[in-house]
Amino acid sequence: IKSSRDFSHRNYSLSRGKELNPYYISGLVDGEGSFGIYFVKDKSYRSGYQIQPNFQISLHKSDYALLESVKTFFGVGGVYKDGDRLFKYSVRSLKDLVIIINHFEKYLLQTQKRADFELFKQCVNLLLKKSHLREEGFKKIVSLKAALNKGLSSSLQAALPNEVPAPRPLVLNQKIEDPSWKSGFIDGEGCFLVNLHKS
């Protein structure tokens, strides 16, 4: 049973005008965020690909105000429509992604998504150093991408068949340091249901 529109903005609307708690942000990203590395065919690059990093949070359009609050919190990126029902907060600029990375190094992710973050961070660091313009650096990013999220697309696997995925970092002994992380994670992944059964 879906909640009524009266509750569509949930708890963050109760503190309008106040900055979001940084642990809340990390909890929300553990639930609904993603760290991606995308390869776009581009003949102007020696490798034949332009590499585009992207951090994003996708939410239902009813939570547009929350994404705007996240944008205000970080001070970078933008909020964009993503289909008929979703909006996404997205950051692509390498300079701006440094701000995102610095946040998650201080306010740790608690789920296995932290492994994706660590792989993503390595890719961004290689891009910042322009290592991807050399064959060795490009192959390193491909290897990291192969271990990130769902790995390489079928087209990339066909084009780069010899690349071996990098080892995924282990995420162990997580410790939730602030209850605000729980609120953020529940806003992203939790639900409240009332079930009716014939009796």
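Look up a bit, the structure's there.
Let me begin by describing the structure that accompanies this report. (Residues numbered from 1 in each chain as written. Predicted model: local features only at pLDDT ≥ 70, side-chain atom pairs only at ≥ 80, totals over all residues. Heavy atoms only, no water.)

## Remarks on the sheet that holds strand β3 (residues 78–82)
For step 1, the next point in the chain: Reading across the sheet, the four strands line up as β1-β2-β4-β3 and stay open at both edges, with antiparallel pairing between neighbours. The open sheet has two edge strands with one neighbour each: β1 (33–41) and β3. With strand direction ignored, the average angle separating the axes of adjacent strands in the sheet is 40°.
For step 2, the next point in the chain: In this structure, β3 lies alongside strand β4 (residues 86–91), joined through five bridges in antiparallel fashion. Looking across to β4, one finds that Tyr-80 is bridged to Lys-88.
For step 3, the next point in the chain: Relative to β1, helix α4 (residues 113–128) is tilted by about 40°, and along the sheet it contacts β1 and β2 (49–60).
For step 4, the next point in the chain: Here helix α5 (residues 135–147) sits on the sheet and contacts β1 and β2; the angle it forms with β1, its principal contact strand, is near 135°. (Pairing = 2+ DSSP bridges. Helix = DSSP H or I, 4+ residues; strand = E, 2+ residues; numbered from the N terminus. Axes fitted to C-alpha atoms, helices over the stretch in contact; angles between N-to-C directions. Contact = heavy atoms within 4.5 Å.)

## Observations concerning the nonpolar core
For step 1, the next point in the chain: In this structure, Phe-39, Phe-55, Ile-57, Tyr-89 and Ile-100 are the most contacted members of the largest nonpolar core, which totals 46 residues.
For step 2, the next point in the chain: Residue assignment for this core shows that the elements contributing at least two residues are α1 (22–32), β1, β2, α2 (64–74), β4, α3 (94–106), α4 and α5.
For step 3, the next point in the chain: With sequence-adjacent residues up to four places away left out, Ile-57 is seen in contact with Leu-28, Val-29, Glu-32, Gly-33, Leu-67, Val-70, Phe-87, Lys-88 and Tyr-89. (Core = buried A, V, L, I, M, F, W, Y, C linked by side-chain atoms within 4.5 Å. Buried < 20%, exposed > 50% of the residue type's maximum accessible area, 1.4 Å probe, protein only.)

## Looking at the packing of aromatic side chains
How two aromatic rings sit relative to each other is given by the distance of their centres and the angle of their planes.
For step 1, the next point in the chain: Per the stated rule, a full pass over the model turns up 16 aromatic pairs.
For step 2, the next point in the chain: Taking 5.3 Å as the distance between ring centres and 50° as the angle between the ring planes, the aromatic pair formed by Phe-35 and Phe-120 counts as tilted. One end of the pair, Phe-35, is in strand β1; the other, Phe-120, is in helix α4, with 85 residues separating them in the sequence. When sorted by exposure, Phe-35 lands in the same class as Phe-120, which is buried.
For step 3, the next point in the chain: Among the aromatic side chains, those forming a connected cluster through ring pairs are Phe-35, Phe-55, Phe-73, Phe-74, Tyr-89, Phe-104, Phe-117 and Phe-120. (Phe/Tyr/Trp six-rings, centres within 6.5 Å; stacked < 30°, edge-to-face > 60°.)

## Some details on the pairing of β2
The side chains of a regular strand alternate, residue by residue, between the two faces of the sheet.
For step 1, the next point in the chain: For β2, the buried fraction is high: nine of the twelve residues fall into the buried class.
For step 2, the next point in the chain: As defined by bridge partners, β1 adjoins β2 across nine bridges and the pair is classed as antiparallel. Counted as the bridge partner of Ser-34 is Gln-56 from β2.
For step 3, the next point in the chain: Sheet topology places β2 next to β4; six bridges connect them, and they run antiparallel. Bridged to His-60 within β4 is Leu-86.

## Notes on α2
For step 1, the next point in the chain: Burial in α2 covers these residues: Leu-66, Leu-67, Val-70, Phe-73 and Phe-74. Projected down its long axis, α2 shows its buried positions confined to an angular sector of 110°, all on one face.
For step 2, the next point in the chain: The secondary structure elements touched by the buried residues of α2 are α1, β2, β3, β4 and α3.
For step 3, the next point in the chain: Looking one or two residues beyond α2, the residue adopting positive phi is Gly-75, at roughly 75°. (Arc of directions from axis to C-beta.)

## A look at the pattern of salt bridges
For step 1, the next point in the chain: Counted by the stated rule, this structure contains four salt bridges.
For step 2, the next point in the chain: For the salt bridge of Glu-105 with Lys-121, the shortest nitrogen-to-oxygen distance reads 3.0 Å. Residue Glu-105 is located in helix α3, and its partner Lys-121 is located in helix α4; the two are separated by 16 residues in the primary sequence.
For step 3, the next point in the chain: The class for Glu-105 is partly exposed, based on a relative accessible area of 42%.
For step 4, the next point in the chain: Judged by its relative accessible area of 15%, Lys-121 falls in the buried class.
For step 5, the next point in the chain: Close ionic contact of Arg-168 with Asp-116 constitutes a salt bridge, the shortest N to O distance being 2.8 Å. Taken as a pair, Arg-168 in the loop between α6 (154–159) and α7 (180–189) and Asp-116 in helix α4 lie far apart in primary sequence, 52 residues in all. (Salt bridge = Lys/Arg side-chain N within 4 Å of Asp/Glu carboxyl O.)

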